[in-house]
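# Inside the fold
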Amino acid sequence: MKRFIEKQLSEILGRLYGSGQIEVMPPVEVLKPESSFGDYSTNIALRLSKVLKTSPQVVAQSFINQLKLLDTHGDFLDISEAGGFINFKLSKTQLLKNMAAISDQGELYGSSLVGEDKKILVEYFQPNVAKPLHLGHISNAVVGDAIFRILKSQGYQTESDTHLGDWGTQFGLLLLAYKKYGDFSIIEKNPIEELNSLYVKINLEIELDPDIREQGKQEFVKLEQGDGENKKLWEQFREWSWKEYEIIYTELGIRRADHDWPESFYEDKMPAVVEELKQKGFLVESQGAQIVPLDDYKLGTAVVVKSDTGTTYLLRDLATFIYRQQQGFEKQLYVIDVRQQHQLAQTFKILELMGYINLPEEAVHIAYGFLKLPEGVMSSRKGTIVHADEFIRSVQDRALEIINEKNPDLKDKELVSKQVASGAIKYFQLSHNLKSDIIFDPQKVVTFEGNTGPYLQYTHARIHGILRKAGNLSINFKEESIKLEELETAVLRKLYTFPEILAEVIHDATPNLLCNYLFELAQSFNSFYQAVPVLAEPDENLKALRLHLVTATAQVLSNGLILLGIEAPEEM
Ligand code: ARG
């Protein structure tokens with residue numbers, strides 16, 4: 001509807017005043033359901049009146065006259081002027097038509113075709129082989145997964161890639177350490193932890209004896225050359241690592257990546273990129289290294305090949321982008337923490353200079369801040385790093401505790417507590433501004449009250465409770481005789497804007513807007529349900545309408561949660 005109004009406004013503008021008078025877009029604002037002005041508002045008349053030097057009221061009125069003529073379906077109850085703004089109030093018919101559309105479209109309500117089947121890639125959950133998972137990986141996976149699902153729902157042909165960190169000299173060091181001290185039967189029992197301590201151990205040795213680094217590098221060179229033993233060990237490391245990563249899929253319900261193009265995959269694709277950079281005249285030699293100076297863009301110096309001829313992370317990223325583009329991806333989104341902003345900006349700039357992309361549309365860094373725990377929570381393992389598995393399990397325990405308190409007879413308690421735990425983590429991460437650091441306090445986050453994932457899941461489950469009680473009572477009603485209560489209208493208006501919110505969310509990569517929306521919808525529903533009888537309503541027609549409203553709300557809550565990657569159990 002927002003777009004529809006915008007289109008009409010610009011047509012009327014052209015007709016009445018000639019186009020090019022004023023930059024009109026984006027003129028239409030979606031109002032909150034509690035606003036008494038209506039559902040949509042525009043300041044077009046105010047802006048235009050400044051240019052035309054007439055009163056905004058006069059301009060508004062001429063727009064309103066035209067808009068009313070165009071409203072042949074009775075979409076609007078009212079279009080009127082207040083303080084120079086033009087406000088639109090949706091009609092009962094329009095709101096109810098939308099409610100029926102929710103039932104018809106079911107889980108497709110909210111999806112659209114705006115993506116025009118454009119093929120795009122989202123890169124997320126890029127752990128590093130033989131390194132433990134920590135909170136950062138959880139944030140990353142959660143953000144990436146939600147962005148992925150939302151884009152897909154908007155008609156993009158979306159695929160994901162996990163850019164596994166499985167290459168580099170550190171693997172030479174690890175191979176060396178393994179050969180010196182590794183014991184398969186011990187490592188096998190707890191691979192990542194053990195491999196990680198081997199890695200720490202060898203690095204300590206290097207501090208005492210720098211020659212060891214050289215030996216490690218040699219092991220990596222052997223790996224690069226395809227040495228049988230090293231290759232086998234390295235593959236074993238990868239296999240062990242993927243086992244450890246499983247928890248992200250099984251306990252958090254993150255989608256498995258469509259592509260597994262790890263860092264090692266680009267090994268043989270880098271020389272061509274260096275060659276091309278040379279050909280195009282971008283490479284400069286500096287102290288033995290090959291660099292691209294980016295001072296003109298305030299991006300410093302990008303090192304492509306190190307002075308010891310070693311390849312760089314940046315070079316690998318150039319090769320990565322180019323390869324994926326060759327696979328037909330028109331746009332690539334990188335979910336990577338904020339610390340890598342500079343390095344990624346350099347990568348994108350070089351790709352632009354090379355003629356591969358248009359910025360900022362075709363390569364996007366989705367940066368996120370850090371998830372932290374309050375002081376003193378969970379420190380059973382030494383060290384400052386909080387391990388992902390420990391964290392997830394502790395949140396699950398907390399969720400189970402709460403369910404045992406609230407609903408001890410619930411069947412599938414284990415399963416539901418996992419869903420609640422993952423809902424709590426995901427919603428917490430997604431409901432904040434992505435770029436800010438956030439502190440996850442299990443006491444505040446794993447609760448059925450307030451702006452939390454479990455609150456939304458709980459609201460959804462309660463609604464299903466109502467529907468279960470209703471059994472197969474009819475939800476068909478006659479519109480003519482219905483006069484909507486204010487609290488009903490508020491829910492209907494909220495339901496109406498769901499597709500528009502999603503459009504906004506993909507435009508700015510801001511899943512927190514979707515979280516806000518769902519929270520407001522749940523609140524609006526709860527106020528309605530507290531004050532207005534549904535099953536106890538004696539008038540059958542009204543009862544059917546209200547049940548329909550309840551059904552539609554459950555649908556939209558569920559659709560929204562699913563887009564965030566959050567499961568919505570029907571009983572909690
Ligand atoms: N594995 C890397 C890390 O943990 C992140 C990879 C990011 N992706 C990329 N294309 N650079 O730091």
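These remarks concern the structure in this document. (Residues numbered from 1 in each chain as written. Predicted model: local features only at pLDDT ≥ 70, side-chain atom pairs only at ≥ 80, totals over all residues. Heavy atoms only, no water.)

What follows deals with the pattern of salt bridges. On inspection of all chains with the given rule, the structure shows 30 salt bridges. Salt-bridge contacts for R493 lead to D39; the nearest nitrogen and oxygen are separated by 2.5 Å. With R493 in helix α18 (residues 486-496) and D39 in the loop between β1 (28-30) and β2 (40-42), this residue pair connects regions lying 454 residues apart in the sequence. Across the pair, D39 and R493 agree in class, each one buried. A salt bridge links R256 to E246; the shortest N-O distance between them is 2.9 Å. In this pair, R256 sits in the loop between α10 (228-250) and α11 (270-279) while E246 sits in helix α10, placing the two residues 10 residues apart along the sequence. Given the relative accessible area of 27%, E246 is considered partly exposed. Shared partners join several salt bridges into a network, and the residues in it are K179, E219, K222 and E229. (Salt bridge = Lys/Arg side-chain N within 4 Å of Asp/Glu carboxyl O. Helix = DSSP H or I, 4+ residues; strand = E, 2+ residues; numbered from the N terminus. Buried < 20%, exposed > 50% of the residue type's maximum accessible area, 1.4 Å probe, protein only.)

Attention shifts here to the site of the ligand. Surrounding the ligand, one finds E123, Q126, N128, H163, Y313, D317, Y334, I336 and Q340. Between Y313 and the ligand, the recorded distance is 2.9 Å, taken from a side-chain N or O atom to a nitrogen atom. The side chain of D317 places a nitrogen or oxygen atom 2.7 Å from a nitrogen atom of the ligand. Contributions of two or more residues to the shell around the ligand are made by α12 (313-326) and β10 (331-337). Among the residues forming the shell around the ligand, the class breakdown is three nonpolar, four polar and two charged. (Near = heavy atom within 4 Å. Polar contact = N/O pair within 3.5 Å; in protein donor to acceptor, adjacent residues only side chain to side chain. Nonpolar A, V, L, I, M, F, W, Y, C, P; charged D, E, K, R; others polar.)

Where β2 and strand β4 (residues 85-90) come together, three bridges link them in antiparallel fashion. Looking at the pairing, T42 lines up with I86 of β4. With six bridges joining them, strand β3 (residues 76-82) and β4 adopt antiparallel strand pairing. Considered in β4, the bridge of E81 is made with I86. Between β3 and β4, which pair antiparallel and follow one another directly, the connecting turn spans two residues, one of which, G83, has a positive phi of 55°. (Pairing = 2+ DSSP bridges.)

Read these as spatial facts, not as claims about activity.
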